[in-house]
Amino acid sequence: RNTVHRHEPPVTAQPIQILVEDDEVVVVDKPSSLPVHPCGRFRHNTVIFILGKEHDLKELHTIHRLDRMTSGVLMFAKTAEVSKRIDEQVRERQLEKEYVCRVVGEFPEHEVVCEEPILVVSYKVGVCRVDPKGKFCKTIFQRLSYNGKSSVVKCLPRTGRTHQIRVHLQYLGHPIVNDPIYNMEAWGPDRGKGGKIDKTDEELLKALVEEHRSKQSLDILGIAEEDLNSDAENKDCGNSGDCTSSAQADPTNENSCPAKDTKDPQRNDVAACPLNSDSNLETLEKNKELGSCENQDGQTEQKSSEEKDPLCVECKITRRDPSPRELVMYLHALRYKGAEFEYCSKMPEWAMEDWEE
């Protein structure tokens, strides 16, 4: 017999807003920091599980996915037939996608088209880069506003590669302001602009991991210390980026997709309650203590310390909860349009013209 418990990384408390629900589809506005379906270290804190538990929406079919840190319009089909029909539109590239993001610096006023091929560096860590050996992709960018420090940019991806928008913006020298992978010092002084990295893939991955480790934010990469000790790369699922990829989520398969993406690089710590067996989860829900492992005086509850497993490394670490802004990345899926449908969400706060950090 084998008993385990799970430490899921922290996610936002922002509720999942249902934009449309009919006989065929469920369309939601996904908050940042939530993965679409169980993957990596996530199970309960996923869109699929929350829709099932809080809205009684079971057996949904995933039509496309969004990065964990990407927010916005996300569609699910209620039947296999509907899923297949929309899937064909995706394959024939009849689905139009529109994203907004906030990027570093003054983005050019004119339309910018980027067609640099993208290669996956690591499926485990979830890192890609521009490379002639990569897959063809195309993104059209148009600046919407500039506030003196950063620009809001509309993005129209014409293909659906992993992290496509983020990698192309990095290549253009305007990475997303708080991108925890593509706007890091590990890429060198130019942060990967023009594809200049001056490191081998192994050196790049090591530098990224070390940078997050020094900030105690390995959760940002969706990996734990023990994952780094394993050389086994999960290469079964390479397409859960800012993209439209067809994938059926299997709630029973916890490793259906490597956790790709993540939180703000400036956070110094990571939260994890010493729970996650179902019984502990229920206890915490009853006590309304899901958001914190501590009481109001900052003292660790006696009950909590009793639940600590002496054999679990994570149980021994006390972590703080991240602030809401640390769980957001400034990339949002604004609109999805197909042959006979169009779904749109509200513009996020950070995309307003007069917004300041």
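Here the structure is a predicted model, which is why all the values come from computation and not from measurement. (Residues numbered from 1 in each chain as written. Predicted model: local features only at pLDDT ≥ 70, side-chain atom pairs only at ≥ 80, totals over all residues. Heavy atoms only, no water.)

## With respect to the pairing of strand E7 (residues 118-122)
Link 1 in the chain: Direction of pairing for E7 relative to strand E8 (residues 127-130): antiparallel, over a ladder of four bridges. Within E8, the residue paired with Ile118 across the bridge is Val130.
Link 2 in the chain: Hairpin connection of E7 to E8: four residues between the antiparallel strands, including Gly126 at a positive phi of 80 degrees. (Pairing = 2+ DSSP bridges. Helix = DSSP H or I, 4+ residues; strand = E, 2+ residues; numbered from the N terminus.)

## Some details on the pattern of salt bridges
Link 1 in the chain: In total, this model carries 15 salt bridges according to the counting rule given.
Link 2 in the chain: Among the salt bridges present, the one from Lys133 reaches Asp131, with a minimum N-O distance of 3.7 Å.
Link 3 in the chain: For Asp131, a relative accessible area of 7% gives the class buried.
Link 4 in the chain: Notably, a salt bridge pairs Arg335 with Glu342, separated by 2.9 Å at the nearest N-O pair.
Link 5 in the chain: When salt bridges with common partners are traced through the structure, they connect Arg129, Asp131, Lys133 and Asp201 into a single cluster. (Salt bridge = Lys/Arg side-chain N within 4 Å of Asp/Glu carboxyl O. Buried < 20%, exposed > 50% of the residue type's maximum accessible area, 1.4 Å probe, protein only.)

## Regarding the UniProt feature "active site" (unreviewed entry) in the protein chain
Link 1 in the chain: The feature "active site" (unreviewed entry), as given by UniProt, occupies Asp67 in the numbering adopted here.
Link 2 in the chain: You can see Asp67 is positioned in the loop between strand E3 (61-62) and strand E4 (71-77). (UniProt positions renumbered as here; feature names shortened; annotations may be inferred.)

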